[in-house]
Amino acid sequence: MRLGSADGRFAIPVLAAGQFFFAQSLIVGLAASSAVADPVVSSVGLLSRVILTDNLFLTREGKESAAILQLLPNISGGRTGRSADYRFYYGPSLLFYGGGYSDLNRVFQVFQGDANIKLIDEYLGLAISARANQNVIDPSVQSVGFNALGNPDAFAQTASIQVSPVIRFPILRGDFATVELSPGINYSFTAGTAGESNQDGNYGSQSSLSIVSGDYFSRMPGSVNAPSNYYDQGGEQGTASFDATATYILTPRWQIQGLVGYDDGNYDSLSSTGGARWRITPYWSPSANTTVGLGYGYRYFGQDYYASIQHTFKKLSVSASYETTISNARTELLNQTVVNFEDPFGQPILDPLGDQSLSGSITNPPLVSGFFVQDQLNGTVAYNFGRTVGTFTVLQNHWDYQSSDLQIDQTQGSLVFNRQMSLRTAGTVGFQYWTYNQSGSNLADFNESQVWTQIDYRLNTNLYSGLTYFYSERSSDTPLQNFDENVVWLTLRWIL
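Residues numbered from 1 in each chain as written. Predicted model: local features only at pLDDT ≥ 70, side-chain atom pairs only at ≥ 80, totals over all residues. Heavy atoms only, no water.

Helix and strand counts for the protein chain stand at three helices and 23 strands. For 496 residues, the compact-globule formula gives about 23 Å, and the C-alpha radius of gyration of the protein chain, at 23 Å, lands near that figure. Considered along the principal axes of its C-alpha atoms, the protein chain spans approximately 70 × 55 × 45 Å. With 496 residues in all, the protein chain has 46% of them scored as buried. Across the protein chain, the fraction of contacts at a sequence separation of at least 24, relative to all contacts at a separation of at least 6, is 56%. Of the accessible surface of the protein chain, which amounts to about 23,300 Å², a share of 57% is contributed by carbon and sulfur atoms. (Helix = DSSP H or I, 4+ residues; strand = E, 2+ residues; numbered from the N terminus. Rg over C-alpha atoms; globule rule 2.2 N^0.38 Å. Buried < 20%, exposed > 50% of the residue type's maximum accessible area, 1.4 Å probe, protein only. Contact = heavy atoms within 4.5 Å. Areas by Shrake-Rupley, 256 points an atom, 1.4 Å probe, with all protein chains shown as cover.)

Now for the packing of aromatic side chains. Throughout the structure, instances matching the rule amount to 21 aromatic pairs. Here the aromatic cluster, defined as three or more aromatic residues joined through ring pairs, consists of Phe146, Trp434, Tyr436 and Phe446. Sitting above the plane of the Phe446 ring, Arg474 keeps its charged end 3.7 Å from the centroid. (Phe/Tyr/Trp six-rings, centres within 6.5 Å; stacked < 30°, edge-to-face > 60°. Lys NZ or Arg CZ within 6 Å of the ring centre and 35° of its normal.)

Tracing the backbone through its elements, the reader meets Ser476 in strand 22 (residues 463–476). Taking the relative accessible area as the measure of exposure, Ser476 reaches 10% and is therefore buried. For Ser476, the side chain forms a polar contact with the main-chain oxygen of Asp445, separated by 3.2 Å. The residues contacting Ser476, other than those within four sequence positions of it, are Leu443, Asp445, Phe446, Gln481 and Asn482. (Polar contact = N/O pair within 3.5 Å; in protein donor to acceptor, adjacent residues only side chain to side chain.)

What follows is about the confidence of the model for the protein chain. Mean pLDDT over the protein chain works out to 89, with 90% of the residues at or above the 70 mark. Low pLDDT, under 50, characterises residues 1–37; the predicted model gives this stretch 68 contacts beyond four residues in sequence or across chains. Every residue in residues 194–198 scores below 50 in pLDDT, and together they form eight contacts with partners more than four places removed in sequence or on other chains. (pLDDT = per-residue confidence, 0-100.)

In this section: the pattern of salt bridges. A side chain with one charge can pair with a side chain of the opposite charge if their charged atoms come near. One pass over the structure, following the stated rule, counts ten salt bridges. The partner of Glu180 in a salt bridge is Arg168, and the shortest N-O contact between them spans 3.0 Å. One end of the pair, Glu180, is in strand 7 (residues 177–182); the other, Arg168, is in strand 6 (residues 155–171), with twelve residues separating them in the sequence. Under the relative-accessibility criterion, Glu180 is labelled partly exposed at 26%. Residue classification places Arg168 among the partly exposed positions, given a relative accessible area of 31%. One salt-bridge network, held together by shared partners, links Arg277, Arg279 and Asp304. (Salt bridge = Lys/Arg side-chain N within 4 Å of Asp/Glu carboxyl O.)

It is worth spelling out a nonpolar patch on the surface at this point. On the surface, Met220, Tyr248, Leu250, Trp254, Ile256, Val260, Trp278, Ile280, Trp284, Tyr296, Tyr298 and Tyr305 cluster together to form a nonpolar patch covering roughly 1,100 Å² of accessible area. Secondary-structure elements contributing two or more residues to the nonpolar patch are strand 12 (254–266), strand 13 (275–287) and strand 14 (290–299). Within the secondary structure, Tyr305 is located in strand 15 (residues 302–313). For Tyr305, a relative accessible area of 38% translates into the label partly exposed. (Patch = residues over 30% accessible without salt bridge, like charges linked within 9 Å, V, L, I, M, F, W, Y side chains within 5 Å.)

The next point concerns the nonpolar core. Counting 24 residues, the largest nonpolar core has Leu56, Tyr89 and Tyr97 as the members making the most contacts within it. Taken together, the elements giving at least two residues each to this core come down to strand 1 (41–53), strand 2 (66–80), strand 3 (84–97), strand 4 (106–120) and strand 23 (483–495). Discounting chain neighbours no more than four positions away, the residues touching Tyr97 are Leu56, Ala67, Ile68, Ser102, Leu104, Asn105, Ala148, Leu149 and Pro152. Core analysis: the next-biggest nonpolar cluster, separate from the first, contains 17 residues, Ile75, Phe111, Ile128 and Ile161 among them. (Core = buried A, V, L, I, M, F, W, Y, C linked by side-chain atoms within 4.5 Å.)

The next point concerns unusual backbone geometry. Phi at Leu58 takes a positive value of approximately 55 degrees, unusual for a residue other than glycine. Within the fold, Leu58 resides in the loop between strand 1 and strand 2. In this structure Leu58 comes out as buried when scored by relative accessible area, which is 2%. In this structure, Arg173 is a non-glycine residue whose phi angle is positive, near 60 degrees.

Dropping the structure here:
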């Protein structure tokens with residue numbers, strides 16, 4: 001199947017973010033024209049689902065039951081070729097609410113596309129990435145579930161695209177160093193929310209300059225990096241930084257990396273927006289499958305901690321990271337992971353919708369203006385028992401807003417077991433949790449959890465059925481935001 005037409009464009013249903021979906025078409029078209037052969041499509045299908053809930057608006061009292069019909073045509077694929085590498089998933093979700101709630105009917109777009117195109121080998125390329133998703137607006141304002149199907153007005157459609165020419169200058173064929181310049185531009189759209197008055201989106205730049213040493217410095221490799229990220233919203237706002245790193249290889253197992261640099265910012269803040277920084281990070285690699293790095297340093301906003309753990313061997317995969325960055329909601333949406341294309345063991349996921357509901361995201365920061373210092377812990381542990389795979393994930397964020405005294409701590413995690421019970425039948429049990437704490441007002445704090453069980457049955461080569469039961473519960477310091485919910489999904493899925 002060929003995605004690109006003769007003029008290199010791909011027709012996709014368009015919502016308000018028309019400019020974004022034209023750019024989305026351009027990604028697929030460019031990838032198709034640059035590759036040697038037609039694009040590889042790994043999955044094409046249609047998901048139909050009936051959703052039965054006993055608490056549509058997630059309220060404590062006056063619960064309202066409803067039935068929802070979800071139709072989700074989808075396509076995904078990718079290619080690794082001589083002149084282009086790309087991956088993409090696209091699925092518009094059509095939601096029809098019964099029981100007199102037709103005013104909630106909507107179409108929300110889910111898309112992730114990443115393409116790297118070689119225009120001139122070793123010298124010139126083009127990197128393109130695009131995102132579209134339903135993202136939670138502000139969980140402290142109204143009740144929110146673990147997806148955008150219940151109480152959907154708590155979520156907003158977001159979309160973004162980044163285009164970056166990549167210009168490389170190998171010095172002495174790269175043996176001495178390689179200079180890489182990437183003057184990127186981007187566009188971000190967020191449907192109207194409490195914190196965003198411009199529903200047409202805004203333009204920005206996310207560029208970088210890097211110099212990476214070559215084989216001449218194999219004993220002590222180093223690099224120089226100068227990224228910047230600016231956008232226009234009632235005036236130019238953004239951040240820029242410069243840092244230089246050098247890594248001394250003590251032994252094959254031990255390395256130590258030093259970093260010095262400077263941060264600069266242009267945004268509303270109660271204190272300084274820039275200053276010098278440094279960090280020292282020892283790395284330990286006891287085997288080819290394991291690397292551990294622990295760093296400590298200082299930046300203008302305080303102490304700078306860093307951690308990275310990677311281990312993959314046979315049936316066990318462990319990954320964890322901790323890092324402090326300067327960011328805002330717009331930047332996080334530009335770089336968010338909407339669709340996972342690889343499992344925890346690094347194997348490609350050919351059918352993203354098979355293991356992911358792709359029904360909205362709650363991991364993003366609140367969609368309000370303002371830069372923050374972000375401390376993020378991200379960890380995954382997966383173990384393959386044979387016919388059963390267990391996966392534990394945790395994502396913890398601390399957002400310290402610079403223009404106010406607002407601080408938010410959000411922790412989310414899940415424990416999921418998937419079992420292949422027979423050639424036709426698979427089962428899943430899972431637990432998910434979410435804690436949210438906001439400084440200055442305990443009324444915004446809550447704890448939310450969800451348990452579920454699911455049975456999938458393959459009717460024939462192309463047709464799958466599924467039955468899923470969820471129970472969710474929230475405990476909040478605001479009594480009216482306490483709720484519980486029972487939900488049943490009846491799914492019928494066709495795959496080409």
